Amino acid sequence: MEHHLTVQKTARYFTYGNFETAENIWIVLHGYAQLPYYFIHKFHGLDPNKNFVVAPEGLNRFYKNGTSGRVGATWMTKEARLDDIQDNMNYLDQLAKQLLDKKQFKNKILLGFSQGGATAARWHQYGSFHANHFVLWASVFPPDLHIEENESELFNSTNYFIVGEDDEYFKDHIEELRAFYAEQLYSTHFLTFEGKHDIENTQLLEVINNFAK
């Protein structure tokens, strides 16, 4: 018989930028088998005086190859999936409260890359961060997330979907994705770039320029 026990767990997050002077706060969720220590370097092109970037780590770490060597983190697997989803929500809500209780920001940006995009979408829908800019980067939209107009945070934010034209996971389905996100996310900006399954600084800066419009 299966039993559940809720316990405390130490979670890590990494930051970039000046919290005191920043106008914008970014919470960025890494992809499968990544670590936020490296992932946050993708955002070092942002002005650190205007942007404060927070990269939480997925609660589950593992060896990427065998039983030693490089380590990655994941937000969830198919095993005890609903428990992981709820744990992620609780974790991110607690982190956001800790940050936002100290300061209000002009813009709140939530970005999810690859596997982190599904967690970001669920949190944007049901969590407490209430981002006004939401970016899904090379991510599958979670099929369990049902959007009802006027009842979803996705209708209260400017939404972006970004994918590389040579992304090995999506390159054969670009137009299908374009149609899907146009239907699912109100006011969606669909951007592509010449690249693979990665975050490109040029596209990131294009999104930021859109924020200012």
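Cut-offs used in this document
Residues numbered from 1 in each chain as written. Predicted model: local features only at pLDDT ≥ 70, side-chain atom pairs only at ≥ 80, totals over all residues. Heavy atoms only, no water. Salt bridge = Lys/Arg side-chain N within 4 Å of Asp/Glu carboxyl O. Helix = DSSP H or I, 4+ residues; strand = E, 2+ residues; numbered from the N terminus. Buried < 20%, exposed > 50% of the residue type's maximum accessible area, 1.4 Å probe, protein only. Phe/Tyr/Trp six-rings, centres within 6.5 Å; stacked < 30°, edge-to-face > 60°. Expected span 1.5 Å × (residues − 1). Contact = heavy atoms within 4.5 Å.

### Remarks on the pattern of salt bridges
Stage number 1. This model, assessed by the stated rule, comprises 7 salt bridges.
Stage number 2. Two residues, Arg-12 and Glu-57, come together in a salt bridge whose shortest N-O distance is 2.8 Å. Residue Arg-12 is found in the segment before strand E1 (13–16), and its partner Glu-57 is found in the loop between strand E3 (51–56) and strand E4 (60–63); the two are separated by 45 residues along the sequence.
Stage number 3. Classification of Arg-12 by relative accessible area gives partly exposed; the value is 35%.
Stage number 4. Across the pair Lys-97 and Asp-101 runs a salt bridge whose closest N-O atoms are separated by 2.7 Å. Here Lys-97 and Asp-101 have matching classes, each one exposed.

### Looking at the packing of aromatic side chains
A ring pair, where both rings are aromatic, is described by two values, the distance of the centres and the angle of the planes.
Stage number 1. One pass over the structure, following the stated rule, counts 17 aromatic pairs.
Stage number 2. Arranged with centres 6.1 Å apart and planes meeting at 55°, the rings of Trp-137 and Phe-193 form a pair that is tilted. Of the two residues, Trp-137 is situated in strand E7 (residues 133–137) and Phe-193 in strand E9 (residues 188–193); the sequence distance between them amounts to 56 residues. Take Trp-137 and Phe-193: they sit in the same class, and that class is buried.
Stage number 3. Each member of the aromatic cluster is reached from another via a ring pair, and the members are Phe-141, Phe-161, Phe-170, Phe-180, Tyr-181 and Phe-190.

### Section: the environment of Ser-68
Stage number 1. By secondary structure assignment, the location of Ser-68 is in the loop between E4 and strand E5 (71–74).
Stage number 2. Residues Ser-68 and Leu-5, spaced 63 residues apart in sequence, show a C-alpha to C-alpha distance of 29 Å.

### Here's the deal with helix H2 (residues 81–100)
Stage number 1. If you check H2, its first and last C-alpha atoms are 28 Å apart, about what 20 residues at 1.5 Å a residue would give, namely 28 Å.
Stage number 2. Within H2 the residues assigned to the buried category are Asp-84, Ile-85, Asn-88, Met-89, Tyr-91, Leu-92, Leu-95, Ala-96, Leu-99 and Leu-100.
Stage number 3. Check the buried side of H2 and you find it contacts E1, strand E2 (24–29), E3, E4, strand E6 (107–113) and helix H3 (115–126).

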